[in-house]
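Here is what each chain is made of, one letter per residue.
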Amino acid sequence: MHQDIITLIRDIYKTEDFIPLHEPRFRGNEKKYINECIDSTFVSSVGKFVDQFEASVAKFTGAKYAVAMVNGTAALHIGLLLADVTSNDEVITQPLTFVATANAISYCSAHSVFVDVDRDTMGLSPEKLKYFLEKNTSIIDGKCINNSTKRIIKAVVPMHTFGLPTRIDAIVEICNKHHINVVEDAAESLGSYYKNKHTGTFGLVGTLSFNGNKTITTGGGGMIITDNKTLAEKAKYITTTAKVPHPWEYHHDVTAYNYRLPNLNAALGCAQMESLPSFLESKQKLSKTYSSYFKDNDAINFIEPISEGLSNFWLNAIELKGLEARNEFLKTTNEAGVMTRPIWKLMNSLPMYNSAQCGNLDNSEYLENRIVNLPSSVI
Ligand SMILES: *Cc1c(COP(=O)(O)O)cnc(C)c1O
């Protein structure tokens, strides 16, 4: 079974070798900029490529400010701190996400609370969020208090799954009503738009990842995007050990982090940003190929973005009929050297998060058993 799909994917990538899920492409100025960076000796966290990389991501996303960090997880950690998440607070996120989202909440000594996703976007459901907040919280002294734990719900972290935009405007509106900050995990959605506005620019801050498997890569890297100047300045400050500017003195005024992106990685990022439009074009074409292939297939549904959204198609996804069909598909394709992967296990099923409070998770549970990613590298 599935021999026809394996043949299709081998035709797409024109190879009989192993086909990975998502590999990076270096076809532009990557080596040139990295050589320039080495020759300049500015290989660490200060240098012109960091500034250039931040400026190009800000321009591309339409965010006023962009602050580069060592990875997407660090960007989430800092994003939560900017949203004033501190010890013993609660943060609502979706159970269907990469583990970094929940881990970053724990780095703040805060508690994850899991609310369901929508079936179509696979991202946080505004309706489920509204229901959860109305049923379980009260506003006391301008703060959203969880009735059962008495803790403050400080932030909500929606995630744009596989690049598919979630209903972010409705989420932000609900959070505003409940005095909750939105930290948008846009790690997977560089080049994805909701109602023609770039994902990651709706909340208080958005976070990006440039890990090796993402749409563009800096080897490892991440970024905070925001329109808030004070928060952008704070992000830069606390990711560079909170050093108070002085020509020679080492004065630091808060416990801070060494999370800045090295110039060497940023050099790679500058070259990758130049290639981003062509990457996105290639990914659109690939998604159309998959989409038309699965159009008449009753057993497999190709996941499309909702009509208000434009996806970067970071990872193409299909929905199978159930767990058995999913497992059979994963086995056949992986054994044939075509890498496919299931969607993540739900966060509340992992040992670190299995005592977290959860809303009704019907949609997440449904998707967990059915969604598989197909090879999605730029062609
Ligand atoms: C990749 C990813 C991250 C973390 O990014 P790193 O750069 O790998 O630390 C966070 N959240 C989601 C949803 C991701 O896919």
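What you are looking at is a predicted structure, and each value in this text was computed from that prediction instead of being measured. (Residues numbered from 1 in each chain as written. Predicted model: local features only at pLDDT ≥ 70, side-chain atom pairs only at ≥ 80, totals over all residues. Heavy atoms only, no water.)

Quick word on the overall build of the protein
Helices and strands together make up the secondary structure of the protein, namely eleven helices and 17 strands. With the C-alpha coordinates aligned to their principal axes, the bounding extent of the protein is approximately 65 × 60 × 35 Å. In the protein, the share of contacts with a sequence separation of at least 24, taken over all contacts with a separation of at least 6, comes to 71%. In the protein, 37 positive and 41 negative side-chain charges are present, and the distance between their average locations comes to 2 Å. (Helix = DSSP H or I, 4+ residues; strand = E, 2+ residues; numbered from the N terminus. Contact = heavy atoms within 4.5 Å. Lys, Arg positive; Asp, Glu negative; His and termini not counted. Charge placed at Lys NZ, Arg CZ, Asp CG, Glu CD.)

Structural notes on the pairing of strand 6 (residues 153-157)
Successive residues of a regular strand alternate their side chains across the two faces of the sheet. Strand 6 sits mainly inside the fold: five of its five residues count as buried. With four bridges connecting them, strand 2 (residues 90-93) and strand 6 associate as parallel partners. Within the sheet, the bridge partner assigned to V91 lies in strand 6 and is A155. Read as a crossover between parallel neighbours, the route from strand 6 over helix 7 (residues 168-177) to strand 7 (residues 181-185) is right-handed. (Buried < 20%, exposed > 50% of the residue type's maximum accessible area, 1.4 Å probe, protein only. Pairing = 2+ DSSP bridges. Right-handed = clockwise from strand over helix to strand, strands pointing away.)

With respect to the domain arrangement of the protein
Each assigned domain of the protein is listed here: domain 1 (2-26 + 276-342) and domain 2 (30-274). One C-alpha centre belongs to domain 1, the other to domain 2, and the line joining them spans 28 Å. Both sides together, the interface formed by domain 1 and domain 2 hides about 2100 Å², and carbon and sulfur atoms give 65% of it. Of all residues in domain 1, L276, I306 and W314 give up the largest surface area on contact with domain 2, accounting jointly for 32% of the area buried on that side. Taken together, the connections running from domain 1 to domain 2 amount to zero salt bridges. Where domain 1 meets domain 2, there are 13 residue pairs in polar contact (both at pLDDT 80 or more). Breaking the side of domain 1 that touches domain 2 down by element, the ones donating at least two residues are helix 9 (263-294) and strand 13 (309-310). The element that contributes the greatest number of residues to the side of domain 1 that touches domain 2 is helix 9, accounting for five residues. Here the residues of the side of domain 1 that touches domain 2 sort into 14 nonpolar, four polar and four charged. (Domains from an automatic or database assignment. Buried area = accessible area lost by both parts, 1.4 Å probe. Salt bridge = Lys/Arg side-chain N within 4 Å of Asp/Glu carboxyl O. Polar contact = N/O pair within 3.5 Å; in protein donor to acceptor, adjacent residues only side chain to side chain. Nonpolar A, V, L, I, M, F, W, Y, C, P; charged D, E, K, R; others polar.)

Remarks on the pattern of salt bridges
Pairing between side chains of opposite charge can happen when their charged atoms approach one another. Throughout the structure, instances matching the rule amount to 14 salt bridges. With a closest N to O distance of 3.1 Å, K48 and E36 form a salt bridge. Placement of K48 in helix 3 (residues 48-61) and of E36 in helix 2 (residues 30-40) is noted, with a sequence separation of twelve residues between them. Salt-bridge contacts for K154 lead to D84; the nearest nitrogen and oxygen are separated by 3.5 Å. Linking K154 in strand 6 with D84 in the loop between helix 4 (72-82) and strand 2, this pair joins segments that are 70 residues apart in sequence. Exposure remark for K154: the relative accessible area of 12% places this residue in the buried category. Connected via shared salt-bridge partners are D84, D89 and K154.

Observations regarding the nonpolar core
Judged by nonpolar contacts, the single largest core of 27 residues is most densely connected at F53, V57, L208, F210, I216 and M223. Mapped by element, the contributors of at least two residues to this core are helix 2, helix 3, strand 1 (65-69), strand 11 (222-226) and helix 9. Taken together, domain 1 (2-26 + 276-342) and domain 2 (30-274) each give at least three residues to this core, which thus spans both. Apart from the residues within four sequence positions on either side, I216 is in contact with F53, L190, S209, F210, N211, Q272, M273, L276 and F279. (Core = buried A, V, L, I, M, F, W, Y, C linked by side-chain atoms within 4.5 Å.)

Remarks on empty space enclosed by the protein
Applying the stated rule across the entire model yields two cavities of 30 Å³ or more. Of the pockets and cavities examined, the largest cavity occupies roughly 50 Å³. In this structure, the largest cavity is lined by H22, E23, P24, R25, K214, T215, I216, T217, Q272, F279 and V378. A class-by-class count of the residues in the lining of the largest cavity yields four nonpolar, four polar and three charged. When residues of the lining of the largest cavity are sorted by domain, at least three fall in each of domain 1 (2-26 + 276-342) and domain 2 (30-274). In this structure, the second largest cavity encloses a volume near 30 Å³. Lining the second largest cavity are F162, L164, I303, S311, F313, L315, N316 and A317. Its residues assigned to classes, the lining of the second largest cavity shows six nonpolar, two polar and no charged. (1 Å grid on protein atoms, 1.4 Å probe; cavity = no way out; pocket = protein on both sides within 12 Å on 5 of 7 lines; lining within 4 Å. Points joined across faces, edges and corners; volume = space filled by probe spheres on them.)

What about the site of the ligand?
With respect to spatial proximity, 16 residues lie near the ligand, and among them G72, T73, E188, S209 and K214 are the closest. Interatomic distance of 2.9 Å between a side-chain N/O atom of D185 and a nitrogen atom of the ligand. K214 is positioned such that a nitrogen or oxygen atom in its side chain is 3.1 Å from an oxygen atom of the ligand. Across the complex, the protein chains shield 92% of the 380 Å² of accessible surface that the ligand would expose by itself. Counting atoms within 2 Å of the grid points, the majority share of the ligand lands in the largest pocket. Counting residues per element, the ones that place at least two in the shell around the ligand are helix 4 and helix 5 (99-107). (Near = heavy atom within 4 Å. Areas by Shrake-Rupley, 256 points an atom, 1.4 Å probe, with all protein chains shown as cover. Sits in = over half its atoms within 2 Å of the grid points.)

What to know about the packing of aromatic side chains
Tallied over the full model, the rule gives nine aromatic pairs. Between Y33 and F49, the ring centres sit 5.7 Å apart and the planes meet at 35°, which makes this aromatic pair tilted. Taken together, the residues Y33 in helix 2 and F49 in helix 3 connect sequence positions 16 residues apart. Of the two residues examined, Y33 and F49, each falls in the buried class. (Phe/Tyr/Trp six-rings, centres within 6.5 Å; stacked < 30°, edge-to-face > 60°.)

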